[in-house]
Amino acid sequence: DCHGKSLLHAPSSLPSNITSLDLSFNSLVVPRHRTLLMHFPSLRSLNLSSNALLALSPAVFSNLGALRLLDLSSCSITYLHMDAFKGLGNLHTLLLRNNSLQELEVPFFLPLKGLFHLDLQHNALVSVDTLSLQLMEAVPQVWLEGNPWVCDCTTHPLQRWLQRRQAVQVTCASPPELRGHEVAALDFQDLGCQMKQRFPRGVSTAQQITVTHSNTTTPPSGKGGRSWPYLVGFLVAAIGISILIALAARCKLFHKNFASYHHRPLPETSSIGGSPMEDSSGWDRGSSGRGASESHPVPGAADLQAEDDDGFIEDNYIQPSEQLREEEERELHFSI
């Protein structure tokens, strides 16, 4: 216990294996390029409160790896270097109340892996950035009361963080209409973070309807609005392919029908003798005798089949001479 002795440095006569040291209410001078307590590596509790330290140099406690409690209350500290607490991986409690801290640098929390209790009450903090709040999520107990918090839109992350922590004693210092209000009890609009209005207040209802209708019917000018040429191209291609398929089907049907009706008339030569068939007068002269009928027999079905390959003979192709020939043969049979 060395408090209140107006010491500028820690007494060198103390044993090096001490685990608790109280140097509060002294006039300690913080070294700039070396550690504060070089000869006490076993310290687990250190009280430096009420010393005019003003600022903490980098790695000033780096040789105190076993330290669990560090009290820096009422030391008029205005600035914390990002490496001020380097080497304090086992620190459990850090007391920084009643100082003049205006902001917290994010790297200040990084070395404090085992921190459980952080006291930042009655400083000059007006806001805390989002990243610092995220790092403080890992600290179970954080005290922020007594700071002059400015409750505006930038305080919204802190307001949500306090709501999750159920902190009810952190109050606003400004603006005047919110002074004394608990930050956690405010809502989004109280902090001045009003949502953007869709239409200005001066716009009439008819104008709002017109704007809404135009926004609904007008295609977007972005990437989606230029898709209609692709749709037209797709429709044209589909119609063209359908026309080509229809033409191909019709051509195939046309060739099939043309082949079915592609016939030629029977030749006017006899299928037996090969001599030209006689006209109707010759048939009249030979109609009385039987020998005439025998010399010009009626062509059979086999002969006609030989002349027409497909076996199909239409009535229009039967010549008049053939009809006379059949009548003559019928009259011959009747006479017999």
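Along each chain, residue indices are assigned from 1 in the same order as the chain's sequence is written. With the structure being a predicted model, the display of local features is reserved for residues of pLDDT at least 70 and the display and counting of side-chain atom pairs for 80 or more, all residues being used for whole-chain, interface and lining totals. As a convention, hydrogens and water are excluded, and side-chain values are obtained from all of the structure's heavy atoms.

**Remarks on the state of the cysteines**
Note the cut-off: Disulfides are defined in this document as cysteine sulfur pairs within 2.5 Å. A helix here means a DSSP run of H or I that spans at least four residues, while a strand means a run of E at least two residues long, and both kinds are numbered starting from the N terminus. Buried residues are those whose accessible area, probed at 1.4 Å on protein chains only, stays under 20% of the maximum for their type, while exposed residues exceed 50% and partly exposed ones sit between those limits.
Summed over all chains, the structure comprises one disulfide. In this model, Cys151 is linked to Cys172 through a disulfide, with the two sulfur atoms separated by 1.8 Å. Handedness of the Cys151-Cys172 disulfide follows from its S-S torsion of about -95 degrees: it is left-handed. You can see Cys151 sitting in the loop between strand S9 (149–150) and helix H2 (156–165) and its partner Cys172 sitting in strand S10 (residues 172–174), a full 21 residues away along the chain. Grouping residues by exposure puts Cys151 and Cys172 together as buried.

**A few points about unusual backbone geometry**
The step from Ser174 to Pro175 runs through a cis peptide bond, and the omega angle for that step is 0 degrees. Positioned with a positive phi, Asn98 is a non-glycine residue whose angle comes to about 55 degrees. Mapped onto the elements of the fold, Asn98 is located in the loop between strand S6 (93–95) and strand S7 (117–119). The partly exposed category is assigned to Asn98, whose relative accessible area is 36%. Backbone geometry places His122, a non-glycine residue, at a positive phi of 55 degrees. Summarising the element assignment, His122 is placed in the loop between S7 and helix H1 (130–136). A relative accessible area of 43% places His122 in the partly exposed class.

**Brief notes about H2**
Along H2, the residues that are buried comprise His156, Leu158, Gln159, Trp161 and Leu162. Two residues or fewer past H2, Gln166 is found with a positive phi of approximately 60 degrees.

**What to know about the sheet that holds strand S2 (residues 45–47)**
Hydrogen bonds between backbone groups are what pair the strands of a sheet, and the pairing can be parallel or antiparallel. Test applied: When DSSP finds at least two bridges between two strands, those strands are taken to pair. Here an axis means a line fitted to C-alpha atoms, over the contact stretch when the element is a helix, while the angle between two N-to-C directions is reported on a 0 to 180 degree scale.
Read across the open sheet, the six strands follow the order S1-S2-S4-S6-S7-S8; overall the sheet is parallel. The open sheet has two free edges, formed respectively by strand S1 (20–22) and strand S8 (141–143), since each of these has just one partner strand. In this sheet, adjacent strand axes meet at a mean angle of 0 degrees when their direction is disregarded. Pairing between S7 and S8: three bridges, direction parallel. Across the sheet, His117 pairs through a bridge with Gln141, a residue of S8.

**As for the nonpolar core**
Note the threshold: Only buried residues count toward a nonpolar core. Its members are Ala, Val, Leu, Ile, Met, Phe, Trp, Tyr and Cys residues joined through side-chain atoms within 4.5 Å. Here the bounds of each domain stem from an automatic or database domain assignment. Any two residues whose heavy atoms approach within 4.5 Å are treated as being in contact.
If you look at the biggest cluster of nonpolar residues, it comprises 58 residues, and the most contacted ones within it are Leu46, Phe61, Leu70, Leu72, Phe85 and Leu94. Top contributing element to this core by residue count: H2, with three residues. Viewed by domain, this core spans two of them, domain 1 (1–146) and domain 2 (149–195), each represented by three or more residues. What Leu72 contacts, discounting residues up to four positions off in sequence, is Leu48, Leu53, Leu56, Phe61, Ile77, Phe85, Leu94, Leu95, Leu96, Arg97 and Asn99.

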